[in-house]
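Summary of the model geometry
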Amino acid sequence: MFGASFLAATILPVVSEAVLAGFSALDGADLVLLVTVATVGNVLGSVVNWVLGRWLEHWKDKRWFPVKADKLDHASRVFNRWGQPSLLLAWTPFLGDPLTVVAGLLRVPIVPFLIYVTIGKAARYILIAAAAAEISSRYSITARLCGTVILSPANASARIPVSACGSAAGST
């Protein structure tokens, strides 16, 4: 969970929400621990972006720089309009990573950065974990790798086959 959430906060295409939802749906999952680990990992990944912005400013126009110029420009406009509270949106796709790099470029102090980023990311993870736990409490979920996923109401014998891996439900 930590690794997925850390990498998701960088420019790598990792979807930590799916990992958190999967773990949260397990019987007996410790939601507080899961949300805490996911939040810490994701915030630390954002700190990497902040450091990139702070220390690599003179390379921001290079082709290999991790955030493209148009994304930095958009994030800069959002940041300049809303200030440090815009870091509450650091969890959002396409805006969050550039926003944390811009915070480093603009020399936002680390303490306010950590406060805003942590609040936004924790709120998102709390909602995802709660939703996954609620869904799993209503449905029993059985899955096989590249097979059929079976959803059934928790206290009923009805089963709803859902195709996984793009094949028709029930086929192999």
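In case you missed it, the structure is sitting above this.
Residue positions within a chain follow its written sequence, with the count starting from 1. For a predicted model such as this one, the threshold for reporting local features is a pLDDT of at least 70, and the threshold for listing and counting side-chain atom pairs is 80 or more; totals across whole chains, interfaces and linings nevertheless cover every residue. Hydrogens are left out, water is left out, and the side-chain values use all remaining heavy atoms of the structure.

**Quick word on the pattern of salt bridges**
Note the cut-off: A carboxyl oxygen of Asp or Glu within 4 Å of a side-chain nitrogen of Lys or Arg is what we treat as a salt bridge. Working definition: helices are DSSP H or I runs of at least four residues, strands are E runs of at least two. Numbering for both runs from the N terminus.
This model, assessed by the stated rule, comprises 1 salt bridge. A salt bridge links Arg124 to Glu17, with the nearest nitrogen and oxygen atoms 2.7 Å apart. Note that Arg124 is positioned in helix H6 (residues 110-138) and Glu17 in helix H2 (residues 16-24), a separation of 107 residues in sequence.

**Brief notes about the packing of aromatic side chains**
What counts here: Two aromatic rings from Phe, Tyr or Trp, using only the six-membered ring of Trp, form a pair when their centres are within 6.5 Å; if the ring planes differ by under 30 degrees the pair is stacked, by over 60 it is edge-to-face, and anything between is tilted. Here the term buried applies to any residue with accessible area under 20% of the maximum for its type, exposed to any over 50%, and partly exposed to those in between, with areas from a 1.4 Å probe on protein chains only. Either the NZ atom of lysine or the CZ atom of arginine qualifies as a charge over a ring when it sits within 6 Å of the ring centre and within 35 degrees of the ring normal.
Enumeration over the complete set of coordinates arrives at 2 aromatic pairs. Ring plane angle 20 degrees and centroid distance 6.2 Å describe the contact between Phe2 and Phe6, whose orientation is recorded as stacked. Here Phe2 and its partner Phe6 are both found in helix H1 (residues 2-8), 4 residues apart, which amounts to about one turn of the helix. With a relative accessible area of 37%, Phe2 lands in the partly exposed category. When the ring of Trp50 is compared with that of Phe113, the centres are 6.0 Å apart and the planes differ by 40 degrees; the resulting orientation is tilted. Of this pair, Trp50 sits in helix H3 (residues 31-55) while Phe113 is found in helix H6, placing the two residues 63 residues apart along the sequence. As far as burial versus exposure is concerned, Trp50 and Phe113 are alike and both buried. The ring of Trp55 is capped by Arg54, whose NZ or CZ atom sits 5.7 Å from the centre of that ring.

**Some thoughts on the environment of Phe65**
What counts here: Contacts are assigned to residue pairs with any non-hydrogen atoms lying within 4.5 Å of each other.
Within the secondary structure, Phe65 sits in the loop between H3 and helix H4 (69-82). When the C-alpha atoms of Phe65 and Leu52 are compared, they prove to be 9.2 Å apart, with 13 residues separating the residues in sequence. Sequence-distant contacts of Phe65, that is, excluding residues within four places in its chain, are made with Leu52, Leu56, Trp59, Lys60, Leu72 and Val101.

**Quick look at the packing of H3 against helix H5 (residues 96-105)**
Inclusion rule: Interaxial angles span 0 to 180 degrees and are taken between N-to-C directions of axes, which are lines fitted to C-alpha atoms, for helices over the stretch in contact. For classification purposes, an angle smaller than 35 degrees is called roughly parallel, one larger than 145 roughly antiparallel, one from 65 to 115 roughly perpendicular, and anything else oblique. In this scheme, a crossing is called left-handed if the near helix is turned counterclockwise away from the far one by less than a right angle; it is called right-handed if the turn is clockwise. Only Asp, Glu, Lys and Arg are considered charged, only Ala, Val, Leu, Ile, Met, Phe, Trp, Tyr, Cys and Pro nonpolar, and every remaining residue, Gly among them, polar.
Put simply, H3 and H5 touch, their axes get as near as 6 Å, and they point 45 degrees apart. With respect to each other, H3 and H5 are oriented oblique. Here H3 and H5 pass one another in a crossing that is right-handed. Between H3 and H5, the contacting residues are Ser46, Asn49, Trp50, Gly53 and Arg54 on the first element and Asp97, Thr100, Val101, Ala103, Gly104 and Leu105 on the second. Along the lines of polarity and charge, the residues of the contact of H3 with H5 split into 4 nonpolar, 5 polar and 2 charged.

**Notes on the environment of Gly53**
One can find Gly53 in helix H3. As a C-alpha pair, Gly53 and Pro98 span 45 residues in sequence and 9.0 Å in three-dimensional space. Residues contacting Gly53, with those up to four places away along its chain left out, are Val101, Gly104 and Leu105.

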